[in-house]
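Each chain is listed here by its residues.
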Amino acid sequence: KAHKKKPNVSFRIDEETISLLKGCADADNIALNAVVNRILKEYAHIHIRAKQIDSKLIYGPFLRNIIDKVDTEKLAIIAQERGRDIFKLINENTINPKDSNNFRIIIRDTFCKSANWANYSEEHIGNKMSVFLTHQMGLKWSEILKNFFCWEITQLEDVKLAEVNFVCSENSLVISFPYRP
């Protein structure tokens, strides 16, 4: 994998922030420079766009309480509609191919790492790829995730929706599909 060019740039950052960033670096066992790069990349690629589309950061237990009070069928419709809208925006602003590899990257980086919707892991066994999205938000949240991601799966060039298997549980969504390197 080719490394991107990284010019040297200097910034002045207050001591308290540097101390917090060093703590993050130590906790993740990575260099301070890597933490700063990750934060700036996330901000430039995700947070700026999130503000432009009026995205909100919301406390998990508050969101779960709202979800628990809404009918499951209504949540499915809302998730499908918003998933379609969000992925159309993402697709308009990217030149990457619409394939299962980039789909996994979007889920991992945008929805899991940045938006904190779930913890992401994946497993490749034989000709199957399984994406594991674990959370503490309940079964309805798993169903929301499934419906939210469903529209984009129908847009992928290397996978058909009929080939995809979803398994929803109280604390996870597993998405399995054919692996085509």
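Look up: the structure comes first, before these words.
Residues numbered from 1 in each chain as written. Predicted model: local features only at pLDDT ≥ 70, side-chain atom pairs only at ≥ 80, totals over all residues. Heavy atoms only, no water.

Colleague: I tried to follow a nonpolar patch on the surface on my own but got confused; where do I start?
Modeller: Nonpolar side chains collect at one region of the surface, where Val9, Phe11, Ile13 and Leu40 lie side by side and expose about 400 Å² of accessible area between them. Among the structural elements, valine 9 can be located in the segment before α1 (15-28). (Patch = residues over 30% accessible without salt bridge, like charges linked within 9 Å, V, L, I, M, F, W, Y side chains within 5 Å. Areas by Shrake-Rupley, 256 points an atom, 1.4 Å probe, with all protein chains shown as cover. Salt bridge = Lys/Arg side-chain N within 4 Å of Asp/Glu carboxyl O. Helix = DSSP H or I, 4+ residues; strand = E, 2+ residues; numbered from the N terminus.)

Colleague: In this structure, what is going on with the sheet that holds strand β4 (residues 172-178)? I would like to understand it.
Modeller: Neighbouring strands of a sheet are bound in pairs by backbone hydrogen bonds; such pairs are parallel or else antiparallel. With antiparallel pairing, the four strands of this open sheet are ordered in space as β1-β2-β4-β3. Single-partner strands in this sheet number two, and they are β1 (119-125) and β3 (165-169). Geometrically, the sheet is characterised by an average inter-axis angle of 15 degrees between neighbouring strands, direction not taken into account. Taken together, the seven bridges between β1 and strand β2 (residues 128-134) define a ladder with antiparallel strand orientation. Bridge pairing in β2 links serine 121 to phenylalanine 132. Helix-sheet contacts for helix α5 (residues 100-114) involve β1, β2 and β4, and the interaxial angle to β1 is about 155 degrees. Sheet contacts for helix α6 (residues 139-155): β2, β3 and β4; angle to β3, the most-contacted strand, approximately 160 degrees. (Pairing = 2+ DSSP bridges. Axes fitted to C-alpha atoms, helices over the stretch in contact; angles between N-to-C directions. Contact = heavy atoms within 4.5 Å.)

Colleague: Explain unusual backbone geometry here, please?
Modeller: For residues other than glycine, phi is negative in most cases, and the peptide bonds are mostly trans. In this model, asparagine 29 sits at a positive phi of 55 degrees, which is unusual for a non-glycine residue. Along the polypeptide, asparagine 29 turns up in the loop between α1 and α2 (32-52). Note on asparagine 29: relative accessible area 70%, which makes it exposed. Although it is not a glycine, asparagine 116 adopts a positive phi angle of roughly 60 degrees. (Buried < 20%, exposed > 50% of the residue type's maximum accessible area, 1.4 Å probe, protein only.)

Colleague: Help me out: how do you make sense of the environment of arginine 84 in this one?
Modeller: Tracing the backbone shows arginine 84 in helix α4 (residues 72-92). Residues arginine 84 and leucine 21 lie 63 residues apart in sequence; the distance between their C-alpha atoms is 36 Å.

Colleague: Explain the packing of helix α3 (residues 60-69) against α6 here, please?
Modeller: Helix-helix packing: each pair is described by the crossing angle between the helix axes and the interaxial distance. Two numbers describe how α3 lies on α6: the axes approach to 9 Å, and their chain directions differ by 85 degrees. Relative to α6, the element α3 is oriented roughly perpendicular. Along its contact with α3, which presents Leu63, Ile67 and Asp68, the element α6 presents Lys140, Trp141 and Ile144. Broken down by class, the residue content of the contact of α3 with α6 amounts to four nonpolar, no polar and two charged. (Parallel < 35°, antiparallel > 145°, perpendicular 65-115°, else oblique. Nonpolar A, V, L, I, M, F, W, Y, C, P; charged D, E, K, R; others polar.)

Colleague: Where do I start with the environment of valine 167 in this structure?
Modeller: With respect to the helices and strands, valine 167 occurs in strand β3. It is 28 Å that separates the C-alpha atoms of valine 167 and isoleucine 46, two residues lying 121 residues apart in sequence. For valine 167, the contacting residues outside a window of four places in its chain are Ser172, Leu173 and Val174.

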